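Breakdown of the fold
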Amino acid sequence: MALRRTVSELLSNYCCKCASLSSNSVFYEATRRYPTFINQDYESQQSQETSNNEPESAKSRYDFLYPGHIQSSLLQKSLLSVGSAGMAILDPSRDDMIATLGETTGHYALQRIRHKMMQDPVGRQILEEQPVINTKTLDLDYLRSLPNDSFGKHYCNFLDKNGFSPDARLPVSFVDDVDLAYVMLRYRQIHDLVHTVCGMKPNMLGEVAVKWVEALQTGLPMCVFGALFGPVRFGPRWRGKYVSTYLPWAIRNGYNAKFLMTVYYEKQWETPIDQLRAELKIDPPPD
């Protein structure tokens, strides 16, 4: 019963944190180095909410390393991993459960990703500058004004057509390292950019194809989980297209493409998308 209460409490508090934090929350260390990204109201607001709503014993568990951080033990992370994986299978639209699974299982993969980024000049620059993708840092009107063949215009069309927002990505909560927490945030915030450069729609077929690319490149268990179990929900028509076309495309590009975490997408808005795909060694999309 105690374990069940612990898991329930962590999941409940995580969902509350997700509701109260915007996706442009910036890590404590990052804000000290890059004050332009500071959420000016965060500390006073969270301090007031914490003092009013939480017992003293719980206060130290939240915002320990960065805004939104929730301290958890290995056992708690294991229980959260199992619970969030089950919920993600039952309802793939639960992005909060997918995010939890990624954070509680991704420590070693995040270390490898960061190491690979540090070996690449552009990847190292990203880690040093820690750019954040949201509506405060993107000029969407500018992207809409770009030529139709540009990467920025394709990205903006992807957002507009599907009703997406750069602010929709959840903040990180369960990664117990400031540097790795940024790597997870970066992975999460470039997901729609990867969809765009790969030319994949945000349906189940496109999501699984992107998950295969991400799984092969990053090794994140959450991506492997999505790539393996996502096709379970396919109907006969999609299953045939997946096996004959999309799976081979995804595996080929996952292995051959440039490491997509080392792409400074924000500096590529004006690049023609076909040129960018050629530079990244990404094959044209199947459709």
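Since this is a predicted model, take the numbers as computed values, not measurements.

1. Quick word on the overall build of the protein
A count of helical and extended segments in the protein gives 16 helices and zero strands. Taken across its 287 residues, the protein has 48% of its residues classed as buried. In the protein, of all internal contacts separated by at least 6 residues, the share reaching a separation of at least 24 is 74%. Counting only carbon and sulfur atoms, one obtains 55% of the accessible surface of the protein, whose full area is about 13900 Å².

2. Some points on helix α10 (residues 151–162)
Relative to the 16 Å expected for twelve residues at 1.5 Å per residue, α10 spans 17 Å between its end C-alpha atoms, a close match to the ideal helical length. The set of residues buried in α10 consists of Phe151, Gly152, Lys153, Tyr155, Cys156, Phe158 and Leu159. Summarising the contacts, the buried residues of α10 are in contact with α9 (140–145), α12 (191–198) and α16 (273–280). Downstream of α10 by a residue or two, glycine 163 has a phi angle that is positive, lying close to 70°.

3. Focus on unusual backbone geometry
One non-glycine residue, glutamine 130, lies in positive phi territory at about 50°. Relative to the helices and strands, glutamine 130 resides in the loop between α8 (121–129) and α9. Classification of glutamine 130 as buried rests on a relative accessible area of 4%. Not every positive phi belongs to a glycine, and lysine 281 is a case in point at roughly 60°. By secondary structure assignment, the location of lysine 281 is in the segment after α16.

4. A short note on a positive patch on the surface
Together, Lys161, Lys201, Arg237 and Lys241 line one region of the surface with positive charge. By relative accessible area, lysine 201 is classed as exposed at 52%.

5. Details of the environment of leucine 228
Position of leucine 228 among the secondary structure elements: in helix α14 (residues 221–229). The partly exposed category is assigned to leucine 228, whose relative accessible area is 49%. Between the alpha carbons of leucine 228 and tryptophan 212 there is a distance of 8.3 Å; along the sequence they are 16 residues apart.

6. Some details on the pattern of salt bridges
According to the stated counting rule, one finds twelve salt bridges in the structure shown. Ionic pairing is found between lysine 211 and glutamate 214, a salt bridge with its closest N-O pair at 3.3 Å. Placement of both lysine 211 and glutamate 214 in helix α13 (residues 204–218) is noted, with a separation of three residues, approximately one turn of the helix. Like glutamate 214, lysine 211 is buried. Connected via shared salt-bridge partners are Asp141, Arg144 and Asp160.

Conventions and cut-offs
- One numbering rule holds for all chains: residues counted from 1, following each sequence as written.
- The predicted nature of this model means local features are confined to residues of pLDDT at least 70 and side-chain atom pairs, given and counted, to a pLDDT of 80 or more, with totals for whole chains, interfaces and linings taken over all residues.
- To get the side-chain values, all heavy atoms of the structure are used, and hydrogens and water are removed first.
- Secondary structure elements are taken from DSSP: a helix is a run of H or I of four residues or more, a strand is a run of E of two residues or more, and numbering for both begins at the N terminus.
- Buried residues are those whose accessible area, probed at 1.4 Å on protein chains only, stays under 20% of the maximum for their type, while exposed residues exceed 50% and partly exposed ones sit between those limits.
- Residues are treated as being in contact if the distance between any of their heavy atoms lies within 4.5 Å.
- Calculation of accessible area relied on Shrake-Rupley with a 1.4 Å probe; when residues are assessed, cover is drawn exclusively from the protein chains displayed.
- In a helix, the anticipated span is given by 1.5 Å times the number of residues less one.
- What makes a patch is a set of residues exposed beyond 30% relative accessible area and free of salt bridges, joined within 9 Å when like-charged and within 5 Å when nonpolar (Val, Leu, Ile, Met, Phe, Trp, Tyr).
- Any carboxyl oxygen of Asp or Glu that lies within 4 Å of a side-chain nitrogen of Lys or Arg is treated as forming a salt bridge with it.
- In this tally, Asp and Glu contribute negative charge and Lys and Arg positive charge; neither His nor the terminal groups of the chain are included.
- Every charge is mapped onto a representative atom, which is NZ of Lys, CZ of Arg, CG of Asp or CD of Glu.

No statement about biological role is implied by the geometric values presented.
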